[in-house]
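Survey of secondary and tertiary structure
Residue-level listing of the chains:
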Amino acid sequence: MDNLIVRIEKLIWRGRGLARLDSGQVILVDPPVLPSELVQVKIFKKNRDFLQGKIHKIIESSPIRRLHPCEHSRLCGGCTFGIAPNSQILKIKKKILIDALTRHLKKSLNPDLLDKIELIPSRKSWRYRFRGQIYVHKKKPHFKKLGSNELVRLNDCLLLATTLGQGLNKLASHMPNGRFIVAASPEDGRIAWQGQKTLLDFSLPEFNIKLHLPAHIFFQAHWLQNQALVSLVVEELRHYTRIADLYAGAGNFSLPLARSGHRVLAVEGSQEAAQAGKFNARKLGLNLVEFRAHDLRKKDPWQKVKNFDPQAVIIDPPRTGTPDLWKKIGYLTNVEKMVWISCDVVNTCRDI
């Protein structure tokens with residue numbers, strides 16, 4: 001298809017660059033790209049309202065652009081923002097967030113709220129993930145090439161904690177072919193994969209909590225930043241006695257809230273995650289939290305939540321969001337506050 005020369009106006013959700021032709025037609029450019037860059041773009045798809053393209057050549061690069069530190073970045077696409085310092089990327093991410101909120105909530109958003117957005121920077125911009133996925137082929141770790149099913153040999157991953165990233169070769173040597181979750185403990189560096197029964201340790205020192213989780217149970221991969229998130233959520237809900245934690249996982253918020261003296265109903269779709277939550281609650285002697293394994297897409301669990309009569313709810317859905325929540329949240333007539341955790345802003349705007 002066509003090759004066009006355009007200037008990137010701004011970045012939007014998922015790091016795509018937005019540019020316009022002289023006619024006003026929008027072009028969305030796949031990452032990695034930065035605002036203000038003049039690029040030659042190869043168009044690979046023509047939609048009714050916009051074109052989609054990939055960078056063929058950078059003609060004028062951004063002054064903040066740098067060489068990506070990972071040898072796999074050209075093929076992987078797992079950390080496209082590595083092309084600029086983290087301090088600059090945080091500013092760009094805030095603009096991306098404001099753009100998404102403004103476009104998708106334009107009828108209901110109070111613009112004054114945008115000035116109240118607060119960033120809590122991570123203390124680490126690399127080596128922060130204690131959970132990930134790899135493909136194993138012939139006892140070696142791989143990733144899938146961006147936009148392809150082609151396997152690429154993986155030597156290390158700079159997003160993964162050192163013990164996990166540099167331990168992939170040894171770990172994969174004991175694994176069959178396939179895609180697997182791998183994880184490491186922030187406490188002692190032990191690593192495991194989802195086929196093992198090994199329990200890994202994860203501490204929330206502010207609440208005197210140590211969790212024991214198998215590798216395949218979901219937890220927030222950025223564990224250091226997760227501690228800041230948990231502290232923020234508990235502080236926001238400090239005035240409420242009864243709290244419903246929806247999509248609760250293994251108790252990332254429920255257990256610290258129970259430790260802080262709140263009564264908590266934790267509802268989670270995964271039976272294994274709910275069992276892990278129960279196990280850790282018993283081990284910690286926390287009697288104020290009750291774990292229930294229920295599919296919140298169905299109506300029945302909501303009667304249980306209604307009977308609990310929460311004053312506040314935590315909503316922490318998967319990346320796909322929770323599109324039918326509005327039909328059910330009306331059951332909870334005494335809710336005064338909602339804390340919504342989002343890992344996909346566009347889907348969350350749809351649900352809000």
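What comes next is a walk through the structure. None of these values were measured; they are calculated from a predicted model.

Quick notes on the overall build of the protein
Within the protein, the regular secondary structure consists of ten helices and 18 strands. Computed over its C-alpha atoms, the radius of gyration of the protein comes to 22 Å, within 12% of the 20 Å expected for a compact globule of 352 residues. The dimensions of the protein, computed from C-alpha atoms along their principal axes, are 60 × 55 × 35 Å. Looking at the protein as a whole, 43% of its 352 residues are labelled buried. Of the contacts made within the protein by residues no fewer than 6 positions apart, 57% connect residues no fewer than 24 positions apart. Separation between the mean location of the 56 positive side-chain charges and that of the 32 negative ones in the protein comes to 5 Å.

Here we look at the sheet that holds strand S10 (residues 178–184)
Strand order in this open sheet of five strands is S9-S8-S7-S10-S11, and the pairing throughout is antiparallel. Of all the strands in the sheet, just strand S9 (151–153) and strand S11 (191–193) have a single pairing partner and so form its edges. Strand-to-strand twist across the sheet, computed as the mean angle between neighbouring axes with direction ignored, equals 45 degrees. In terms of strand pairing, strand S8 (residues 140–144) meets S9 through three bridges, oriented antiparallel. Bridge pairing links Phe143 to Val152 in S9.

Thresholds applied
Residues numbered from 1 in each chain as written. Predicted model: local features only at pLDDT ≥ 70, side-chain atom pairs only at ≥ 80, totals over all residues. Heavy atoms only, no water. Helix = DSSP H or I, 4+ residues; strand = E, 2+ residues; numbered from the N terminus. Rg over C-alpha atoms; globule rule 2.2 N^0.38 Å. Buried < 20%, exposed > 50% of the residue type's maximum accessible area, 1.4 Å probe, protein only. Contact = heavy atoms within 4.5 Å. Lys, Arg positive; Asp, Glu negative; His and termini not counted. Charge placed at Lys NZ, Arg CZ, Asp CG, Glu CD. Pairing = 2+ DSSP bridges. Axes fitted to C-alpha atoms, helices over the stretch in contact; angles between N-to-C directions.

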